Amino acid sequence: MWEIYESHTLVRNLPKIPYEVLKRYEKWKDIVELTGPEGLRLIKGFHDEALKGQWLGHRSSRLELQFRLIYRVEDNKLYARVINITAHDYRRT
């Protein structure tokens, strides 16, 4: 089983995120907890991909056409740290 840790920025922003995006985020968490990031790559709707440049080492998953979830797998452990859910605003938090 994988553990998911949410950043303080994400926790503060959750009430501002649309309900449909939050439902998709809950599904994302269920998949990651059971299968890890590899399971996300099997579901094309999440369009899970590695990021480049300033976000090197992070990954992005699509929750909706506009909203992306940014996360990082740290130290090759069964642990994922969710950075933020954004509407294409990939500034580092």
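Residues numbered from 1 in each chain as written. Predicted model: local features only at pLDDT ≥ 70, side-chain atom pairs only at ≥ 80, totals over all residues. Heavy atoms only, no water.

A.B. asks: Help me understand helix α2 (residues 19-35) in this model?
C.D. replies: Along an α-helix, residues three or four positions apart point the same way, because every turn accommodates 3.6 residues. For α2, with 17 residues, the first-to-last C-alpha span of 25 Å sits near the 24 Å given by 1.5 Å per residue. Those residues of α2 not exposed but buried are V21, Y25, W28, K29, I31 and V32. Along α2, the residues classed as buried sweep out an arc of 165 degrees about the axis, all on the same side. Pointing more than 90 degrees away from the buried face of α2 are the exposed residues Y19, K27 and L34. Positive backbone phi, at 75 degrees, marks G36, one or two positions downstream of α2. (Helix = DSSP H or I, 4+ residues; strand = E, 2+ residues; numbered from the N terminus. Expected span 1.5 Å × (residues − 1). Buried < 20%, exposed > 50% of the residue type's maximum accessible area, 1.4 Å probe, protein only. Arc of directions from axis to C-beta.)

A.B. asks: Teacher, can you tell me more about the packing of aromatic side chains here?
C.D. replies: What characterises a pair of aromatic rings is the spacing of the ring centres plus the angle enclosed by the ring planes. Evaluated as defined, the whole model comprises two aromatic pairs. Pairing Y25 with W28 gives two aromatic rings, centres 6.1 Å apart and planes at 20 degrees, and the pair type is stacked. Of this pair, Y25 and W28 both sit in helix α2, separated by three residues, roughly a single helical turn. Considering the side-chain rings of W28 and Y71, the 5.2 Å spacing of their centres and the 65 degrees angle between planes classify their relative orientation as edge-to-face. Here Y71 lies in strand β4 (residues 68-73) and W28 lies in helix α2, a separation of 43 residues in the sequence. Of the two residues examined, W28 and Y71, each falls in the buried class. Here a set of aromatic residues connected by ring pairs shows up, and it is made of Y25, W28 and Y71. Directly above the aromatic system of F46 lies the positively charged group of R24, at a separation of 4.1 Å from the ring centroid. (Phe/Tyr/Trp six-rings, centres within 6.5 Å; stacked < 30°, edge-to-face > 60°. Lys NZ or Arg CZ within 6 Å of the ring centre and 35° of its normal.)

A.B. asks: Looking at this structure, how should I read the environment of L14?
C.D. replies: Looking at the element boundaries, L14 is found in the loop between α1 (8-13) and α2. Residues in contact with L14, not counting those within four places in the same chain, are E6, L22, Y25 and I85. (Contact = heavy atoms within 4.5 Å.)

A.B. asks: Is there a simple way to explain the pattern of salt bridges in this structure?
C.D. replies: Side chains that carry opposite charge are capable of pairing whenever their charged atoms lie near each other. Going through the model one piece at a time under the given rule, you end up with five salt bridges. Note that R41 and D48 form a salt bridge whose closest N and O atoms lie 3.6 Å from each other. Since its relative accessible area comes to 13%, D48 is described here as buried. (Salt bridge = Lys/Arg side-chain N within 4 Å of Asp/Glu carboxyl O.)

A.B. asks: How do you make sense of the pairing of β4 when you look at a structure like this?
C.D. replies: The side chains of a regular strand alternate, residue by residue, between the two faces of the sheet. The pairing of strand β3 (residues 59-62) with β4 spans four bridges and is classified as antiparallel. Note that in β4 the partner of R62 across the bridge is R68. Between the end of β3 and the start of β4, which pair antiparallel, lie five residues. (Pairing = 2+ DSSP bridges.)

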